[in-house]
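Observations on the three-dimensional arrangement
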Amino acid sequence: MTVISIQSQVAWGHVGNSAAAFPIQLHGIDVVAVPTTLLSNRPGYPTIRGRVLDVQLVADLLRGVEERGAVEAARMILSGYLGSADIAMDVADFVARAKAQNPALLYCCDPVLGDRDRGMFVRSDIPPLVRDQLCALADIITPNHFEFEFLCGARVTTIDDVVAQARTLMARGPATIVVTSAELAGTPHSEIETLAIEHTGAWRVRTPRVPISPSGTGDLFAALFVAARVRGLATPDALSHAASGIHGVLERTAQRGTEEMRIVESADVMLDPKPRFAAVAFPAS
């Protein structure tokens, strides 16, 4: 089993592939990690070194892993932070090519664009490409609440809003839509809500809010969700596994008092989260 993961990479800390590769490997899945950026650390520190990679280099890397048979061996492509519009377009070309070569291959697009606290944090020409090209190719998308509203072009404040807008997005491509960090009417402030919507059902899972907000949680969630799906779990079980695993990592991080997620030392809670929070079905008609 193989996942091709196309995201940013940092030398220090845990975002992008530096947050996703180990958790996926932990579940017995090989990872072909293709970087879109090489940085010393994520933004937010006093200094940052490195750069967004040239599109020609990213394209070469994708062609190279293709030549090694990675597409035929892969169960899933996962994309995250892309860095430039040129890279976004090249990733779209790669995904289309890969799905033509391997019709069983699934594509999960984590549309890393922004969040409620910071707004859009990518270049202005990237979001339309992610919305119109990458999400249209995707089988699964995992936006946070802010990104979901951008993809829909509408405010979303209730569970009925989520379902209605998800149905509209599904008509444009993805069969599974997972909305993380949902802030909805009726969600207690002490809890975090994550929802998954498909044509045949919808599920929600609530986990206690941990009073920290490290970078990379969306990258880690997508990795855990993808790992669960690749291992054969149905969407509600994958949702429960990923949300419970994230909660366990955040609790461990809060206990340690560090800025970066304690991913490596949280291997146990990512593999077998305790407590495990159930995904509950809700009407989605």
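To keep things clear, this report deals only with the structure shown in the data block. Here the structure is a predicted model, which means the values were calculated and not measured.

So, how was this worked out
Residues numbered from 1 in each chain as written. Predicted model: local features only at pLDDT ≥ 70, side-chain atom pairs only at ≥ 80, totals over all residues. Heavy atoms only, no water. Helix = DSSP H or I, 4+ residues; strand = E, 2+ residues; numbered from the N terminus. Rg over C-alpha atoms; globule rule 2.2 N^0.38 Å. Contact = heavy atoms within 4.5 Å. Areas by Shrake-Rupley, 256 points an atom, 1.4 Å probe, with all protein chains shown as cover. Buried < 20%, exposed > 50% of the residue type's maximum accessible area, 1.4 Å probe, protein only. Expected span 1.5 Å × (residues − 1). Core = buried A, V, L, I, M, F, W, Y, C linked by side-chain atoms within 4.5 Å. Pairing = 2+ DSSP bridges. Axes fitted to C-alpha atoms, helices over the stretch in contact; angles between N-to-C directions. Phe/Tyr/Trp six-rings, centres within 6.5 Å; stacked < 30°, edge-to-face > 60°.

When helices and strands are tallied, the chain shows ten helices and twelve strands. Against the globule reference of 19 Å for 285 residues, the chain gives a C-alpha radius of gyration of 17 Å, in line with a compact fold. With the C-alpha coordinates aligned to their principal axes, the bounding extent of the chain is approximately 50 × 45 × 35 Å. The long-range fraction of contacts in the chain, counting pairs at least 24 apart against all pairs at least 6 apart in sequence, stands at 68%. Working note: accessible area of the chain is about 12000 Å², and carbon and sulfur atoms make up 52% of it.

Within the element layout of this structure, Arg123 appears in the loop between β7 (119-120) and α5 (126-137). Sequence-wise, Arg123 and Ala85 are 38 residues apart; in three dimensions their C-alpha atoms are separated by 7.9 Å. Not counting the four nearest positions on each side in its chain, Arg123 is found in contact with Val52, Gly83 and Ser84.

Residue position: Gly245 is located in helix α9 (residues 235-256). You can call Gly245 buried: its relative accessible area is 0%. Between the C-alpha atoms of Gly245 and Ser215, which are 30 residues apart in sequence, the distance is 16 Å. Once you skip the residues sitting within four places of it in the chain, Gly245 turns out to touch Leu224, Val269 and Pro273.

As a further point, take helix α2 (residues 55-67). Counted at 1.5 Å a residue, the expected span for α2 with its 13 residues is 18 Å, and the 18 Å between its end C-alpha atoms agrees. Looking at the buried positions of α2, the neighbouring elements they touch are β1 (2-10), β2 (30-39), α3 (70-73) and α4 (85-101). One or two residues past the end of α2 sits Gly69, with phi positive at roughly 90°.

Ile77, Leu134 and Phe148 are the most contacted members of the largest nonpolar core, which totals 49 residues. Ranked by residue count, the leading element in this core is α4, at eight residues. In this structure Ile77 touches Ile4, Ile6, Phe94, Val95, Ala98, Leu105, Leu106, Tyr107 and Cys108, once residues within four positions along its chain are discounted. Counting 38 residues, the second largest nonpolar core, distinct from the first, contains Ile24, Val210, Ala223 and Ala227.

Here the focus is the sheet that holds strand β9 (residues 176-182). The ten strands are arranged β3-β2-β1-β4-β5-β8-β9-β10-β11-β12 in an open sheet whose pairing can be described as mixed. One side of each edge strand has no neighbouring strand; the edge strands of this open sheet are β3 (50-52) and β12 (280-281). In the sheet, β1 pairs with strand β4 (residues 74-79) via five bridges, with the strands oriented parallel. Note that in β4 the partner of Ile4 across the bridge is Ile77. α5 rests against β5 (106-109) and β8 (140-141) of the sheet, and its axis sits at about 145° to β5. Running at roughly 40° to strand β10 (residues 191-198), helix α7 (residues 159-170) makes contact with β8, β9, β10 and β11 (201-208) of the sheet.

A few words on the packing of aromatic side chains. All chains considered together, the criterion is met by one aromatic pair. For the ring pair Phe221 and Phe225, a centre distance of 6.1 Å and an interplane angle of 15° mean the geometry is stacked. Here Phe221 pairs with Phe225, and both are found in helix α8 (residues 217-230), just four residues apart, close to one helical turn. Each member of the pair, Phe221 as well as Phe225, carries the same accessibility label: buried.

Once that is clear, we can look at the environment of Arg229. Take Arg229: it is sitting in helix α8. Sequence separation of Arg229 and Arg75 is 154 residues, and the distance between their C-alpha atoms is 9.5 Å. Apart from residues no more than four positions distant in its own chain, Arg229 is found in contact with Met76, Leu106, Ile140, Thr176, Glu198, Ala234, Thr235 and Ala238.

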